[in-house]
Amino acid sequence: MNNILKIHFQNNAALARLCRMSRSVDTFRQRYRAAISPRYSVWAHAGFVLLYGLGCIVWLASTIDTVSPWEWLTVPVALVFFNWGEYTVHKHLGHVKTRWGGLFYQRHTGDHHSFFVDGHMRYEQPRDWRVILFPAWLVVIFSVLAWAIWWALGLALGGAVGALFAITLPPCVRIVVAPIEPRMKGART
């Protein structure tokens, strides 16, 4: 009987913690939404990110004349490189507060991980995309990075290698799927 009571109280404590967490997430979401400017347009934000990003991808792809078989190896190499880079940046700047990574840390850990927590992974309204989408200025910075990669690798290894490597840049690929990410099949709700 003592073990049954212990399990009952442990489950109730866990349930109480879950309820407190749920209230704190709801409170955070309400405060976050209230702080969004009334002039903010999720459709303009998503439209810019999508159209600008797709424009960059199309432009980079249009610079490719022909691709030799060995040049296609650029895609898996770039995917491995960028996934390693994204993991490293995410781990060391997104989850660890540093002096020069503070803005990313605040946006990622402070906003994104407070808005989306286990059990609260779905967005509830389109304006919630603001915490999902890359800021427009960051998309422009990524495009400058992609163009620099295209230029440098194009000079060193050929235009197709530079373009394929730059197109594979994760933010270029992700801009198309970012708004639907929290509702992806298999996401916990």
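Basis of the calculations
Residues numbered from 1 in each chain as written. Predicted model: local features only at pLDDT ≥ 70, side-chain atom pairs only at ≥ 80, totals over all residues. Heavy atoms only, no water. Buried < 20%, exposed > 50% of the residue type's maximum accessible area, 1.4 Å probe, protein only. Helix = DSSP H or I, 4+ residues; strand = E, 2+ residues; numbered from the N terminus. Arc of directions from axis to C-beta. Salt bridge = Lys/Arg side-chain N within 4 Å of Asp/Glu carboxyl O. Contact = heavy atoms within 4.5 Å. Polar contact = N/O pair within 3.5 Å; in protein donor to acceptor, adjacent residues only side chain to side chain. Core = buried A, V, L, I, M, F, W, Y, C linked by side-chain atoms within 4.5 Å. pLDDT = per-residue confidence, 0-100. Phe/Tyr/Trp six-rings, centres within 6.5 Å; stacked < 30°, edge-to-face > 60°. Lys NZ or Arg CZ within 6 Å of the ring centre and 35° of its normal.

## Focus: helix α4 (residues 74-94)
Part 1 of the argument: Within the span of α4, buried status applies to Thr74, Ala78, Phe82, Leu93 and Gly94. Buried positions in α4, seen along its axis, are confined to an arc of 85 degrees and lie on one side of it. In α4, the exposed residues that point more than 90 degrees away from the buried face are Val77, Val80, Trp84 and Tyr87.

## Observations regarding the pattern of salt bridges
Part 1 of the argument: For the structure on display, the rule yields 3 salt bridges.
Part 2 of the argument: Two residues, Glu124 and Arg29, come together in a salt bridge whose shortest N-O distance is 3.0 Å. Pair noted here: Glu124 is in the loop between α5 (102-115) and α6 (136-157) and Arg29 is in helix α1 (residues 2-35), with a separation of 95 residues, a long-range link.
Part 3 of the argument: Salt-bridge contacts for Arg33 lead to Asp128; the nearest nitrogen and oxygen are separated by 2.7 Å. Of this pair, Arg33 sits in helix α1 while Asp128 sits in the loop between α5 and α6; the two residues are 95 residues apart in sequence, bridging distant segments of the chain. Grouping residues by exposure puts Arg33 and Asp128 together as buried.

## Structural notes on the side chain of Glu71
Part 1 of the argument: Relative to the assigned elements, Glu71 resides in helix α3 (residues 69-72).
Part 2 of the argument: Setting aside anything within four residues of it in sequence, one finds Glu71 in contact with Thr66, Leu157, Ala160, Val161 and Leu164.

## Side note on the environment of Glu124
Part 1 of the argument: For the pair Glu124 and Arg29, spaced 95 residues apart in the sequence, the C-alpha separation amounts to 9.9 Å.
Part 2 of the argument: Contact partners of Glu124, with chain neighbours within four places excluded, come to Arg29 and Arg33.
Part 3 of the argument: A polar contact of 2.9 Å, which involves the side chain of Glu124, links it to the side chain of Arg33.

## A look at the nonpolar core
Part 1 of the argument: Counting 13 residues, the largest nonpolar core has Tyr32, Phe115, Phe116, Tyr123, Trp129, Val131 and Ile132 as its most contacted members.
Part 2 of the argument: Of all the secondary-structure elements, those providing two or more residues to this core are α1 and α2 (42-62).

## A word on the confidence of the model for the protein
Part 1 of the argument: Across the protein, the average pLDDT comes to 78, with 77% of residues at or above 70.
Part 2 of the argument: The least confident element of the protein, judged by mean pLDDT, is helix α8 (residues 170-174) at 54; the most confident is α3 at 94.
Part 3 of the argument: A low-confidence stretch, residues 1-20 (pLDDT under 50), is modelled with 0 contacts involving residues beyond four sequence positions or located in other chains.
Part 4 of the argument: Note on residues 175-189: pLDDT under 50 across the span, and 22 contacts to partners over four residues away in sequence or across chains.

## Focus on the packing of aromatic side chains
Part 1 of the argument: Under the counting rule described, the total for this entry stands at 13 aromatic pairs.
Part 2 of the argument: For the pair Trp59 and Trp147, a centre-to-centre distance of 6.3 Å together with 80 degrees between the ring planes defines the contact as edge-to-face. Note that Trp59 is positioned in helix α2 and Trp147 in helix α6, a separation of 88 residues in sequence.
Part 3 of the argument: Given the relative accessible area of 33%, Trp147 is considered partly exposed.
Part 4 of the argument: Judged by centre distance (5.7 Å) and plane angle (70 degrees), the rings of Phe134 and Phe142 are edge-to-face.
Part 5 of the argument: Site record: aromatic cluster; members linked through ring pairs are Phe28, Tyr32, Phe115 and Phe116.
Part 6 of the argument: A cation over a ring is seen here: Arg130 above Tyr40, with NZ or CZ 5.9 Å from the ring centre.

## Here we look at helix α7 (residues 159-167)
Part 1 of the argument: Across the 9 residues that make up α7, a large majority, 8, are buried.
Part 2 of the argument: Buried within α7 we find Ala160, Val161, Gly162, Ala163, Leu164, Phe165, Ala166 and Ile167.

## Quick notes on the side chain of Thr74
Part 1 of the argument: Residue position: Thr74 is located in helix α4.
Part 2 of the argument: Its relative accessible area of 8% is what places Thr74 among the buried residues.
Part 3 of the argument: Here Thr74 is in contact with Val161, Leu164 and Phe165, once residues within four sequence places are set aside.

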